[in-house]
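Structural overview
Chain by chain, the residues run as shown.
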Amino acid sequence: MDARGWTEEETRLRKAIVSVAKLCFERKLIVGADGNFSAMTSQGTILITPAGAMKGFLEPHHIAHIDRTGRPIDDGPKASSEVGIHLVSYRERPDIRAICHAHPPHAVAMTIAEIDLQLPVIPEIIVTIGGIPTAPFGTPGTPELPETIREIIRCSDTVLMKNHGSVTVGPNIMDAFKKLDMLEHTARILWLAHVARGGLSPLPDESVRKLLESRSALGIRTRNTLENRCGM
Ligand SMILES: [Zn+2]
């Protein structure tokens, strides 16, 4: 414990959340006071970015500390208004320890334009996460929003919320960030291709099958939405 009462683990997680939030702000995956980021401690409590703040300019002491029902466990900062997204995701996915919620512009534009990011086009995405399913629209700041992702987060680590943003989850905050970064990069490539050609063609079934088969040789055992038919 340090002078603030933080364990070594808590200090490490607070610093990691601050770093990832800053990275997302710099990479324009969030702007203004957008987005929220959390990590779970080995005690099962949740460290989460605070309500209203600009997430690119946080310090470790700005992070809120809550239990798994959302109740504050100290008299520190108030948790994000979108805490429900995090509570639902941790409840549905006992295997995860971190969550990024961001507003990646190309990926959100794809949901508005109703272009399906499940389409198998990019080999790296087919082999890893499969595709990116989109949850139906839910009003931000209301209990409706977390309910829209409850089903889909069970079968995918990478989810889009229509007209709004993304939720990516993983065993640590860097892994959840990696999936967010991949999601936006994929959406950007597909957007450029869509604009250049006026549509997108999936890879042939045979190529998709070979790529999915290569997962076991590469030792990739993470959830894959083409294998588990998530959101289809
Ligand atoms: Zn949002």
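Right above here is the structure, for reference.
Conventions and cut-offs
- Residues numbered from 1 in each chain as written.
- Predicted model: local features only at pLDDT ≥ 70, side-chain atom pairs only at ≥ 80, totals over all residues.
- Heavy atoms only, no water.
- Axes fitted to C-alpha atoms, helices over the stretch in contact; angles between N-to-C directions.
- Helix = DSSP H or I, 4+ residues; strand = E, 2+ residues; numbered from the N terminus.
- Parallel < 35°, antiparallel > 145°, perpendicular 65-115°, else oblique.
- Left-handed = near helix turned anticlockwise from the far one by under 90°.
- Contact = heavy atoms within 4.5 Å.
- Nonpolar A, V, L, I, M, F, W, Y, C, P; charged D, E, K, R; others polar.
- Donors = N, O, S within 2.8 Å, 3.2 Å for Na, K, Ca; no water.
- Buried < 20%, exposed > 50% of the residue type's maximum accessible area, 1.4 Å probe, protein only.
- Polar contact = N/O pair within 3.5 Å; in protein donor to acceptor, adjacent residues only side chain to side chain.
- Disulfide = S-S within 2.5 Å.
- Pairing = 2+ DSSP bridges.

Overview of the packing of helix α3 (residues 105-112) against helix α6 (residues 173-197)
When two helices pack together, their arrangement is given by the angle between the helix axes and the distance between those axes. It is the contact of α3 with α6, at a shortest axis distance of 7 Å, that shows an interaxial angle of 60 degrees. The orientation of α3 with respect to α6, classified from their angle, is oblique. Remark: the crossing between α3 and α6 carries left-handed chirality. Judged by residue contacts, P105, H106, A107, A109 and M110 of α3 engage L183, E184, A187, R188, L190 and W191 from α6. Tallied by class, residues from the contact of α3 with α6 come to 8 nonpolar, 1 polar and 2 charged.

What to know about the coordination of the zinc ion
Taken together, H101 (NE2), H103 (NE2) and H164 (NE2) make up the full set of protein donors to the zinc ion, lying 2.1 Å away. All donor residues of the zinc ion come from one chain, and their arrangement in sequence is H-x1-H-x60-H. Taken together, the residues H101 in strand β4 (residues 98-102) and H164 in the loop between β6 (158-161) and β7 (165-170) connect sequence positions 63 residues apart. Across this residue pair, the class does not change: H101 and H164 are buried.

What about the environment of H62?
Among the structural elements, H62 can be located in the loop between β2 (46-48) and β3 (64-66). We classify H62 as partly exposed; its relative accessible area is 28%. In this structure the C-alpha to C-alpha distance between H62 and F137, which are 75 residues apart in sequence, comes to 30 Å. Leaving out residues up to four positions away in the same chain, H62 has contacts with P50, F57 and P77. A polar contact of 3.4 Å, which involves the side chain of H62, links it to the side chain of H61.

Considerations on the packing of helix α1 (residues 8-26) against α6
Direction vectors running N to C along α1 and α6 enclose 15 degrees, while the axes themselves pass 10 Å from each other. When the axis of α1 is compared with that of α6, the two are roughly parallel. Note that α1 runs across α6; the crossing there is right-handed. Contacts between α1 and α6 involve A16, I17, V20, L23 and C24 from the first element and I173, M174, F177 and L180 from the second. Class assignment for the residues of the contact of α1 with α6 results in 9 nonpolar, no polar and no charged.

Structural notes on the state of the cysteines
This structure, assessed with the given rule, holds 1 disulfide. No disulfide involves C24; its sulfur sits 5.4 Å from the nearest other cysteine sulfur, which is in C100. Given the relative accessible area of 0%, C100 is considered buried.

Re the side chain of T49
The residue T49 is located in the loop between β2 and β3 in this model. The class for T49 is buried, based on a relative accessible area of 0%. If we ignore the near neighbours within four places in the chain, the residues touching T49 are I17, G35, N36, F37, K55, L58, I63, A79 and S80.

Let's talk about the sheet that holds strand β1 (residues 36-40)
For sheets, the rule is that strands pair by backbone hydrogen bonds, running either parallel or antiparallel. With mixed pairing, the 7 strands of this open sheet are ordered in space as β3-β2-β1-β4-β7-β6-β5. Two strands bound the open sheet, and with one partner strand each, they are β3 and β5 (134-135). Bridging between β1 and β2 involves 3 bridges; their strand directions are antiparallel. Its bridge partner lying in β2, S38 is registered against I48. Sheet contacts for α1: β1, β2, β3 and β4; angle to β1, the most-contacted strand, approximately 155 degrees. On the sheet, α6 packs against β1, β4, β6 and β7 and is oriented at approximately 140 degrees with respect to β7.

Coordinates in, geometry out; function isn't part of it.
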